[in-house]
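Residue-level structure breakdown
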Amino acid sequence: MDDRQIDVLISEEELGKRIKEIAQEIESDFGGGDLVVVGVLKGSFIFMADLVRSIKRPLSCDFIRISSYENDVSTGMVRMEFDMTQPVKDKNVLLVEDIVDSGRTLRYLLEHMKNKGANKLKVASLLFKEMGTDSKKLVDYIGFEVPERYVIGYGLDSEGVYRSLPYVGAFK
Ligand code: 5GP
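The rules we used
Residues numbered from 1 in each chain as written. Predicted model: local features only at pLDDT ≥ 70, side-chain atom pairs only at ≥ 80, totals over all residues. Heavy atoms only, no water. Helix = DSSP H or I, 4+ residues; strand = E, 2+ residues; numbered from the N terminus. Buried < 20%, exposed > 50% of the residue type's maximum accessible area, 1.4 Å probe, protein only. Lys, Arg positive; Asp, Glu negative; His and termini not counted. Salt bridge = Lys/Arg side-chain N within 4 Å of Asp/Glu carboxyl O. Polar contact = N/O pair within 3.5 Å; in protein donor to acceptor, adjacent residues only side chain to side chain. Near = heavy atom within 4 Å. Areas by Shrake-Rupley, 256 points an atom, 1.4 Å probe, with all protein chains shown as cover. Nonpolar A, V, L, I, M, F, W, Y, C, P; charged D, E, K, R; others polar. Expected span 1.5 Å × (residues − 1). Arc of directions from axis to C-beta. Phe/Tyr/Trp six-rings, centres within 6.5 Å; stacked < 30°, edge-to-face > 60°. Lys NZ or Arg CZ within 6 Å of the ring centre and 35° of its normal.

This paragraph deals with the side chain of arginine 57. Inspection of the secondary structure puts arginine 57 in the loop between α2 (45-54) and β3 (60-70). Buried arginine 57, no salt bridge; nearest opposite-charge side chain is aspartate 34, N-O distance 6.4 Å. Side-chain polar atoms of arginine 57 contact the backbone oxygen of glycine 31, separated by 2.2 Å.

Printed below as a string of structure tokens:
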């Protein structure tokens, strides 16, 4: 892609296997009823695409766009760029995140979803970065825990690039 060297932290095979496991847990936890899967753009788009194809039950997909990082650095503020297009009142909602770090973005989104009157609300995050915060308890399904490095690939970017890598990595 360019000449920056990247360490592979989670391979394509590991991602595929873990996502199938999470999908099975989600299937048994949600049971019947409407299920709306809401992807948080842009970072979750590849995880979401693989996850929903492994959840063997009817569901609908929607998206929400949030930004809190500029040039790979957190701005400390969460801004909604666009909202989902369907009502979720009394519906079961699965929020799909790429990575939870401080949990600031997720707390904002959970509040937003509660205000919309979602019934059962659960959160799946591909990655979780442990920072000594209590944000882990907010996430129902965690794909992998990653170290304190800026990670890229499988949907996650660095200054808009590297989302298309088929694995999760970090610059050397
Ligand atoms: P939080 O609000 O939990 O601190 O950060 C969550 C958001 O920050 C994620 O949805 C993601 O957009 C971004 N983010 C946090 N850490 C990383 C990282 O290591 N790599 C990338 N690409 N984005 C990150």
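From this point, things continue past the structure.
Let us look at the site of the ligand. Of all residues adjacent to the ligand, which total 16 residues, the nearest are Asp98, Asp101, Ser102, Thr105 and Val151. Between valine 151 and the ligand, the recorded distance is 2.8 Å, taken from a backbone N or O atom to a nitrogen atom. In the model, a nitrogen atom of the ligand is placed 2.9 Å from a nitrogen or oxygen of the aspartate 157 main chain. In the complex, the protein chains occlude 91% of the 510 Å² of accessible area that the ligand would expose alone. Of all the elements in the fold, those that place two or more residues in the shell around the ligand are β5 (92-100) and α3 (104-115). Take the shell around the ligand: its biggest share by element is four residues, from β5. Of the residues contributing to the shell around the ligand, the split by class is six nonpolar, three polar and seven charged.

Taking 1.5 Å per residue, 19 residues should reach 27 Å; helix α1 (residues 12-30) reaches 27 Å between its end C-alpha atoms and fits that length. All of the buried residues in α1 are Leu15, Ile19, Ile22, Ala23, Ile26 and Phe30. Buried positions in α1, seen along its axis, are confined to an arc of 110 degrees and lie on one side of it. Turned more than 90 degrees away from the buried face of α1 sit Glu13, Lys17, Lys20, Gln24 and Ser28, all of them exposed.

Once that is clear, we can look at the packing of aromatic side chains. Counting across every chain of the model gives one aromatic pair. The interplanar angle of 80 degrees and the centroid separation of 5.2 Å between the aromatic rings of tyrosine 162 and phenylalanine 171 together place this pair among those described as edge-to-face. Against the face of phenylalanine 30 rests lysine 120, its NZ or CZ located 5.5 Å from the ring centre.

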